[in-house]
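# Architecture and fold: a report
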Amino acid sequence: MSKAEDAVIERLMQRHGRTYCDELGIDIERGTPSALFRWLVASILFSARISADLALQAARGLSDAGWRTPGKMKDTTWEERVRVLNRSGYARYDESTARMLGEDVAMIEERYHGDLRRLREAAGRDPDEERKRLKEFKGIGEVGVDIFFREAQAAWDELHPFLDKRAASAAAALGLPQDAPALATRVSKADFPRLVAALVRTDLAGDADAIRTGE
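Residues numbered from 1 in each chain as written. Predicted model: local features only at pLDDT ≥ 70, side-chain atom pairs only at ≥ 80, totals over all residues. Heavy atoms only, no water.

Quick look at the packing of aromatic side chains now. Summed over all chains, the structure comprises six aromatic pairs. Pairing Trp 39 with Phe 46 gives two aromatic rings, centres 6.2 Å apart and planes at 55°, and the pair type is tilted. By relative accessible area, Trp 39 is classed as buried at 1%. Under the relative-accessibility criterion, Phe 46 is labelled buried at 13%. Seen from their ring centres, Phe 148 and Phe 149 are 6.5 Å apart, and the 50° between their planes marks the pair as tilted. Pair check on accessibility: Phe 148 and Phe 149 agree, each one buried. Joined through ring pairs, the aromatic side chains of Phe 148, Phe 149, Trp 156 and Phe 162 make up one cluster. (Phe/Tyr/Trp six-rings, centres within 6.5 Å; stacked < 30°, edge-to-face > 60°. Buried < 20%, exposed > 50% of the residue type's maximum accessible area, 1.4 Å probe, protein only.)

Structure (structure tokens):
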């Protein structure tokens, strides 16, 4: 790696080097049922055509309400979920999302006994099969799985290194490798999810030029 690329990555990580799981207090590296569920819920919220800040706020609201496991959320009513989402600024999608979350927790309980680690094992730890199974949940398509994979790779080794199209596009704008294995050599395995998150954040912030030039 050139010194110029080194400097770009350093500036990128200084400005944006934190995962969304970090912001939500989700210890995704442990890969516990609660952590995986909370991140799946957040990925569904981030998938909607709504700002990342509002999606983050809504995910935090659901967690603060105590609904950190499928079992806890299964015990809530549609009206309760709507209220929390609405109060958290997720008003445009509150009713449809509240319904989808109710259907999703029922599926997690029925198929995977409330534990997404069972989804991983049922998929044979194959990323393609994991993607297929995740897309069976309401409100999560290709983009939603990409969001989930970005940070779940810290817990599920078979996903590493994962770089979705949005992050790869941001890497290109910064003059960095767009190939996941090549980019992964630039940082430690533990830091790679932070790097991917930083790329997404710089794309959202529109500050790639400032990071690339150091201005």
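For the rest of this paragraph, the subject is the side chain of Asp 146. As for its position among the elements, Asp 146 is in helix H10 (residues 142–152). A relative accessible area of 16% places Asp 146 in the buried class. Beyond its immediate stretch of four places on either side in the chain, Asp 146 contacts Arg 131, Phe 162 and Asp 164. (Helix = DSSP H or I, 4+ residues; strand = E, 2+ residues; numbered from the N terminus. Contact = heavy atoms within 4.5 Å.)

The interhelical angle for the contact between helix H6 (residues 78–87) and helix H7 (residues 94–112), taken along N-to-C directions, is 130°, at an axis separation of 8 Å. Classified by the interaxial angle, the pair formed by H6 and H7 is oblique. In the crossing of H6 with H7, the sense of the turn from one axis to the other is right-handed. Counting all contacts with H6, which are made through Trp 78, Arg 81, Val 82, Leu 85 and Asn 86, the residues of H7 involved are Asp 94, Glu 95, Thr 97, Ala 98, Arg 99, Leu 101 and Gly 102. Tallied by class, the residues present in the contact of H6 with H7 amount to five nonpolar, three polar and four charged. (Axes fitted to C-alpha atoms, helices over the stretch in contact; angles between N-to-C directions. Parallel < 35°, antiparallel > 145°, perpendicular 65-115°, else oblique. Left-handed = near helix turned anticlockwise from the far one by under 90°. Nonpolar A, V, L, I, M, F, W, Y, C, P; charged D, E, K, R; others polar.)

Of all hydrophobic cores here, the largest spans 50 residues; its most connected members are Trp 39 and Phe 137. Those elements that place two or more of their residues in this core are helix H2 (20–24), helix H3 (33–47), helix H4 (52–64), H6, H7, helix H8 (116–122) and H10. Contacts of Phe 137, omitting those with residues within four sequence positions, involve Leu 40, Asp 104, Met 107, Ile 108, Tyr 112, Leu 116 and Leu 119. One finds Ile 9, Met 13, Leu 163 and Ala 208 within the second-largest nonpolar core, a separate group that totals 23 residues. (Core = buried A, V, L, I, M, F, W, Y, C linked by side-chain atoms within 4.5 Å.)

Right, let's talk about the pattern of salt bridges for a bit. Summed over all chains, the structure comprises 17 salt bridges. For Lys 189, the salt bridge identified is with Asp 157, shortest N-O distance 3.3 Å. Note that Lys 189 is positioned in the loop between helix H12 (180–184) and helix H13 (192–205) and Asp 157 in the loop between H10 and helix H11 (165–173), a separation of 32 residues in sequence. Given the relative accessible area of 47%, Asp 157 is considered partly exposed. Several salt bridges converge on common partners, so that one network encompasses Arg 131, Lys 135, Glu 142 and Asp 146. (Salt bridge = Lys/Arg side-chain N within 4 Å of Asp/Glu carboxyl O.)

The bulk of non-glycine residues show a negative phi, and the bulk of peptide bonds are trans. Along the chain, His 160 connects to Pro 161 via a cis peptide bond; the corresponding omega equals -5°. Of note, His 113 is a non-glycine position whose phi angle comes to about 50°, a positive value. By secondary structure assignment, the location of His 113 is in the loop between H7 and H8. Exposure remark for His 113: the relative accessible area of 55% places this residue in the exposed category. Despite not being glycine, Arg 125 has its phi angle at roughly 55°, a positive value. You can see Arg 125 is positioned in the loop between H8 and helix H9 (127–134). Residue classification places Arg 125 among the partly exposed positions, given a relative accessible area of 42%.

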